[in-house]
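Descriptive analysis of the structure
What follows is the residue order along each chain.
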Amino acid sequence: MSQDMPEKTADAEARLSGLRERIDGIDAKIAALISARAECALEVAEVKKATGGDALYYRPEREAQVLRRAMERNAGPLTDEEMARLFREIMSACLALEEPVKVAYLGPEGTFTQQAALKHFGHSAESRPLAAIDEVFREVEAGAVSYGVVPVENSTEGVINHTLDNFMHSNLHICGEVELRIHHHLMISDITRADAITRIYSHAQSLAQCRKWLDAHYPNVERVAVASNAEAAKRVKGEWNSAAIAGDMAAELYGLKVLAEKIEDRPDNSTRFLIIGPEQVPASGDDKTSLMVSMRNEPGALHDLLAPFQEHGIDLTRVETRPSQSGNWTYVFFIDFVGHRDSGNVAAALKEVGARAADLKVLGSYPRGVL
Ligand SMILES: O=C(O)C(=O)C[C@]1(C(=O)O)C=C[C@@H](O)C=C1
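The structure presented is a predicted model; accordingly, all values stated were derived computationally and were not measured. (Residues numbered from 1 in each chain as written. Predicted model: local features only at pLDDT ≥ 70, side-chain atom pairs only at ≥ 80, totals over all residues. Heavy atoms only, no water.)

1. Regarding helix α9 (residues 229–236)
Buried residues of α9: Asn229, Ala230, Ala232, Ala233 and Val236, and no others. Buried positions in α9, seen along its axis, are confined to an arc of 155° and lie on one side of it. (Buried < 20%, exposed > 50% of the residue type's maximum accessible area, 1.4 Å probe, protein only. Helix = DSSP H or I, 4+ residues; strand = E, 2+ residues; numbered from the N terminus. Arc of directions from axis to C-beta.)

2. What to know about the site of the ligand
As a matter of local geometry, the ligand sits amid Arg37, Val44, Lys48, Tyr57, Tyr58, Arg59, Arg62, Glu63, Met91, Cys94, Leu95 and Glu98. A distance of 2.7 Å separates an oxygen atom of the ligand from a polar side-chain atom of Lys48. Between the ligand and the protein, one listed contact pairs an oxygen atom with a backbone N or O atom of Arg59 at 2.9 Å. Its free accessible area being 360 Å², the ligand has 90% of it covered by the protein chains. At the level of elements, α1 (5–50), α2 (60–72) and α3 (80–98) are the ones that each hand at least two residues to the shell around the ligand. A per-element tally of the shell around the ligand places α3 first, with 4 residues. (Near = heavy atom within 4 Å. Polar contact = N/O pair within 3.5 Å; in protein donor to acceptor, adjacent residues only side chain to side chain. Areas by Shrake-Rupley, 256 points an atom, 1.4 Å probe, with all protein chains shown as cover.)

3. Describing the sheet that holds strand β9 (residues 242–246)
The mixed open sheet is built from 5 strands, whose spatial order is β8-β7-β9-β6-β10. The two strands at the open ends of the sheet, each matched to only one other strand, are β8 (222–226) and β10 (257–260). Averaged over all adjacent pairs, the angle separating strand axes in this sheet is 35°, with direction ignored. Bridging between strand β6 (residues 185–188) and β9 involves 3 bridges; their strand directions are antiparallel. Within the sheet, the bridge partner assigned to Met187 lies in β9 and is Ala244. Strands in contact with α9 are β6, β7 (199–203), β8 and β9; relative to β9, the strand with the most contacts, it is inclined by about 155°. (Pairing = 2+ DSSP bridges. Axes fitted to C-alpha atoms, helices over the stretch in contact; angles between N-to-C directions. Contact = heavy atoms within 4.5 Å.)

4. Observations concerning the nonpolar core
One broad trend across soluble globular proteins is that nonpolar side chains are buried collectively. Ranked by internal contacts, the top residues of the largest apolar core, which has 24 residues, are Phe137, Phe167, Ile276, Met292 and Phe334. Sorting the residues of this core by element identifies β1 (102–106), α5 (133–141), β3 (147–154), α6 (161–167), β11 (270–277), β14 (330–338) and β15 (359–367) as the ones contributing at least two each. The dominant element in this core, judged by the number of residues it contributes, is α5, at 4 residues. There are two domains that each give this core at least three residues, and those are domain 2 (101–182 + 269–279) and domain 4 (282–371). With sequence-adjacent residues up to four places away left out, Phe334 is seen in contact with Leu164, Phe167, Met168, Leu291, Met292, Arg318, Val319, Glu320, Arg322 and Leu363. By size, the runner-up hydrophobic cluster in this structure holds 21 residues, among which are Leu95, Val103, Phe112 and Ile275. (Core = buried A, V, L, I, M, F, W, Y, C linked by side-chain atoms within 4.5 Å. Domains from an automatic or database assignment.)

5. Considerations on a nonpolar patch on the surface
Among the surface-exposed residues, Ile26, Ile30 and Ile34 lie close enough to one another that they form a single nonpolar patch of about 240 Å² accessible area. With respect to the secondary-structure elements, Ile30 resides in helix α1. (Patch = residues over 30% accessible without salt bridge, like charges linked within 9 Å, V, L, I, M, F, W, Y side chains within 5 Å. Salt bridge = Lys/Arg side-chain N within 4 Å of Asp/Glu carboxyl O.)

6. Thoughts on the packing of aromatic side chains
Overall, the coordinates contain 6 aromatic pairs when judged by the stated rule. An angle of 85° between the planes, with centres 5.1 Å apart, marks the rings of Phe137 and Phe167 as edge-to-face. With Phe137 in helix α5 and Phe167 in helix α6, the pair connects residues that are 30 residues apart, well separated along the chain. Ring geometry for Trp213 versus Tyr218: centroids 5.9 Å apart, planes at 40°, classification tilted. The same class applies to Trp213 and to Tyr218, which are both buried. Here the aromatic residues Tyr58, Phe121 and Tyr147 are joined through ring pairs into a cluster of three or more. Here the basic side chain of Arg73 rests over the ring of Phe87, its NZ or CZ set 5.3 Å away from the ring centre. (Phe/Tyr/Trp six-rings, centres within 6.5 Å; stacked < 30°, edge-to-face > 60°. Lys NZ or Arg CZ within 6 Å of the ring centre and 35° of its normal.)

This is the structure we're talking about:
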C-alpha cells in the first residue's frame, strides 16, 4: 500500500497540472470576453452621452433582464444564483466604467442594508453610509447621491414604518427591490469573557427576531437595544462582559468572534429593501408596482379600493395601513402588486382606484428582485 502511494501522488499531480493548464486557458478567454464586454459598455456610455440631457447610465430594467438571462441559460454545475452573482459583479464593473453610481444606505458600515446595497449594485458602486432613513431620502432628493437603499419589511417583525412614512413627503420613486436572508450571530470580542456575559446589544428588531433563542440560552442577561447591529458590534469591541447580535459583515468589520451562528428564531427570516431614486423605471418584463393611496375612513372603503385589482386580475403582494399624518381620520394604504404601471390591466385598475381614492400616488414600477 505504502509503495504505490508515490505513483498515485504522481498521477494526481499530473492530472492536477493538466486541469490547471485548462483553467489557465479558459481564464484567458474569459478575460478577453470581459474586456470586450467592457468596451461595449464604454460605447453604450458614448451613445447615452450623445443623446444629451441627463444621460441615465444605471438602467435597472436592463440589469434585471441581463441577470434573469444569466440564470435561464445556466446549465450548471454552478447554481443559478451563483451565476447571476458573477454577472452582477461584471455589470457593476462595466457601469463603473461608464459612470460610477453613487448609493447611500442606512448605515453604519456593516449593517444588513449595506449588504443589500452590495447585493443589488455590486462591489464597484460607490456606497455611503448615512445615520437615518430620513437622511437617505434627503440625500437622494438633493442629488448628492443617485440612489438610496432602505429596509421596508421583515418577514418576522413586519413593516418598517419609518420608511413608509417617508414616502408621504417625498417625490422619489421606487426603482428596485432586494431581498436578503437575514442570519444573526452572537458575537464577542477578544477581551470578552464568554462565561461572564451580562449584556447583549443589538437593534430592537434583531433582538425581537432572536427572542426565543435568547430566552433559552441567556434568560437573565440584559438586552440593550441600540441604533443598529453594526453599532452593537462596535460597542462590544471594548467591553469584557458584553456580546452583540449582528450579521457576518459586522463581525468581519469589527474583528469579532462568532460564539453562536444563525440564532434567529425563524430559519426563513428575510428582509426586503427598496432602492429609491429620482426616475421612473421602464418595464423589464417581470415587474412590481407600489402605490400609496389615501382613503376616508368610511365603511367599505378598503373593499372599494381593492375591488378594481381583483376585477383586472392583478395579484396583490402586500397591503399595509398607516394613519395619515394630516389627521382627519384618513388612512393611507401602501399596496404592492405584480405588474408594471404601463401595462393595460394595471393602467385600467389605477384609473378606477384613482377615481375612488382621496389621493393616489404611484411610488414606482420596478423589476421584481432577481437575486
Ligand atoms: O445597457 C446599458 O444601458 C448599459 O449601460 C450596459 C450595462 C451592462 O453592463 O450590461 C451597464 C449598466 C446598466 O445599468 C445596464 C447595463
